[in-house]
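Chain by chain, the residues run as shown.
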Amino acid sequence: SAGGNLRIESARLWDSLMEMARIGATPKGGCNRQTLTDLDRQGRELFAKWCAQAGMTMKVDAMGTMFARRPGVEDGLAPVMLGSHLDTQPTGGKFDGVLGVLGALEVVRTLNDLGIRTRRPIEVVNWTNEEGARFAPSMIASGVFAGRYTLEDALDIRALDGARFGDELKRIGFAGPEPVGGRPVHAYFELHIEQGPILEDEGVDIGVVTHAQGLRWYEYDLTGFESHAGSTPMRGRRDALVGAARIVEAVRRIACAHPPSAVGTCGVIEAKPGSRNVIPGEVFLTSEFRCPDGPALDAMDGELRAAVREI
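Please read all numbers here as calculations on a predicted model, not as lab measurements.

Enquirer: Sorry if this is basic, but what is going on with helix 9 (residues 294-310) here?
Expert: The α-helix winds at 3.6 residues per turn, so residues separated by three or four positions along the chain end up facing the same way. Relative to the 24 Å expected for 17 residues at 1.5 Å per residue, helix 9 spans 25 Å between its end C-alpha atoms, a close match to the ideal helical length. Here helix 9 has its buried residues at Ala 296, Leu 297, Met 300, Asp 301, Leu 304 and Ala 307. End-on view of helix 9: buried residues confined to an arc of 140°, all on one side of the axis. Away from its buried face, by an angle of more than 90 degrees, helix 9 presents the exposed residues Pro 295, Arg 309 and Glu 310. In the core, the buried residues of helix 9 are packed alongside strand 6 (214-223), helix 8 (240-256), strand 8 (263-272) and strand 10 (282-291). In this structure Asp 293 caps helix 9, since a side-chain oxygen of it lies 2.7 Å from the backbone nitrogen of Ala 296.

Following this line, the structure appears as structure tokens:
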């Protein structure tokens, strides 16, 4: 046992964060380390090296999720799990997700430094594809772990460039032999940066999660009619991009009508044929609503569907 609060070696954690941030570093100081890229592989390999140095054993499941284990005194007990993810958005930050993984590793390093043995084993986890930037949807590996998706469907997901999740997982060498899910978990902790401005605006250093955001994802395929931009009168146009623009406006209007917690976002829009001289005949669009209140989320869903029918 140890009396009082244990203190980590903050400089060591900071140095680890900065070393990981060099993998996929962007000019503005962030990171682009998307799932199952060569940069993701480099980040995984660095994490695995650090875990080995801390005396941990690593197991990787069929979705590429990494579980680094520090044994407990009663090693047959379900472990305390800590972690997050190492993948980023295309313009991600140094700390989003990464702090949860490397902060958990620092917990283990500190216990090692102080010679403290825990009753239960500790597992530090790096979930695959939490961000979903390259392969949608996000949180797919943890979703398979929780039984919300099948392994077969997850491995068959395609990126926008046509790359298949399962093939890319094998290519970078992280298609592990462990089954996905079925691992006992006594408790799970995740340290995370604030992804918005609320705590910072209020001058609060740390908060505790009290609820989760409900999520609704939407994909749209709008079909109009391609025609010449210079010779087609405005009255006769069927511009798919105009329809998409109206949906974008509807998503924002509906989210703003459900304060204070509801948010709405359109994240991807692709117009075809993609020529400035041609009226778009096809548009692919994505949107989402998030809200911690279930009835409000249902109401927003109904309002959006009515708006889309009208558009």
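Now that the structure is up, let's keep going.
Enquirer: Please clarify how the sheet that holds strand 5 (residues 187-189) should be interpreted in this entry.
Expert: One key point about sheets: their strands pair by backbone hydrogen bonds, in either a parallel or an antiparallel sense. If you trace the 5 strands from one edge of the open sheet to the other, you get 1-2-4-3-5, paired in mixed fashion. Two strands close off the open sheet at either side, each with one partner strand: strand 1 (57-60) and strand 5. The average undirected angle you get between the axes of adjacent strands in this sheet is 25°. Judged from the 5 bridges that link them, strand 3 (residues 80-84) and strand 4 (residues 122-126) form a sheet pairing that is parallel. Counterpart to Val 80 in the pairing with strand 4 is Ile 122. Packing of helix 2 (residues 38-53) onto the sheet brings it into contact with strand 1, strand 2 (66-70) and strand 4, and relative to strand 2 it is tilted by some 10°. Strands strand 2, strand 3 and strand 4 of the sheet are contacted by helix 3 (residues 98-114), whose axis makes an angle of about 155° with strand 4.

Enquirer: Where do I start with helix 8 in this structure?
Expert: In a regular helix each residue adds 1.5 Å, so 17 residues correspond to 24 Å; helix 8 covers 25 Å between its end C-alpha atoms and thus fits that length. Three or more residues of helix 8 are buried, namely Ala 240, Gly 243, Ala 244, Ile 247, Ala 250, Val 251, Ile 254 and Ala 255. One side of helix 8 carries all its buried residues, which in axial view fall inside an arc of 120°. Relative to its buried face, helix 8 has exposed residues pointing more than 90 degrees away, namely Glu 249, Arg 252, Arg 253 and Cys 256. In the core, the buried residues of helix 8 are packed alongside strand 6, strand 8, strand 10 and helix 9. With a side-chain oxygen lying 2.9 Å from the backbone nitrogen of Leu 241, the N-terminal cap of helix 8 falls on Asp 239.

Enquirer: Help me understand the side chain of Asp 96 in this model?
Expert: Turning to its location among the elements, Asp 96 is positioned in the loop between strand 3 and helix 3. Buried charge without a partner: Asp 96 forms no salt bridge, and the closest opposite charge is Arg 290, 9.6 Å away. At 3.3 Å, the side chain of Asp 96 forms a polar contact with the side chain of Gln 195. Residues in contact with Asp 96, not counting those within four places in the same chain, are His 85, Asp 87, Glu 131, His 192, Ile 193 and Gln 195.

Enquirer: For this particular structure, what's the right way to read the environment of Val 60?
Expert: Structurally, Val 60 is set in strand 1. Each C-alpha atom of the pair Val 60 and Gln 195 lies 28 Å from the other, and the pair is 135 residues apart in sequence. Once residues within four sequence positions are removed from consideration, Val 60 is found in contact with Thr 65, Met 66, Phe 174, Gly 176, Pro 177 and Glu 178.

Cut-offs applied
Residues numbered from 1 in each chain as written. Predicted model: local features only at pLDDT ≥ 70, side-chain atom pairs only at ≥ 80, totals over all residues. Heavy atoms only, no water. Helix = DSSP H or I, 4+ residues; strand = E, 2+ residues; numbered from the N terminus. Expected span 1.5 Å × (residues − 1). Buried < 20%, exposed > 50% of the residue type's maximum accessible area, 1.4 Å probe, protein only. Arc of directions from axis to C-beta. Contact = heavy atoms within 4.5 Å. Polar contact = N/O pair within 3.5 Å; in protein donor to acceptor, adjacent residues only side chain to side chain. Pairing = 2+ DSSP bridges. Axes fitted to C-alpha atoms, helices over the stretch in contact; angles between N-to-C directions. Lys, Arg positive; Asp, Glu negative; His and termini not counted. Salt bridge = Lys/Arg side-chain N within 4 Å of Asp/Glu carboxyl O.

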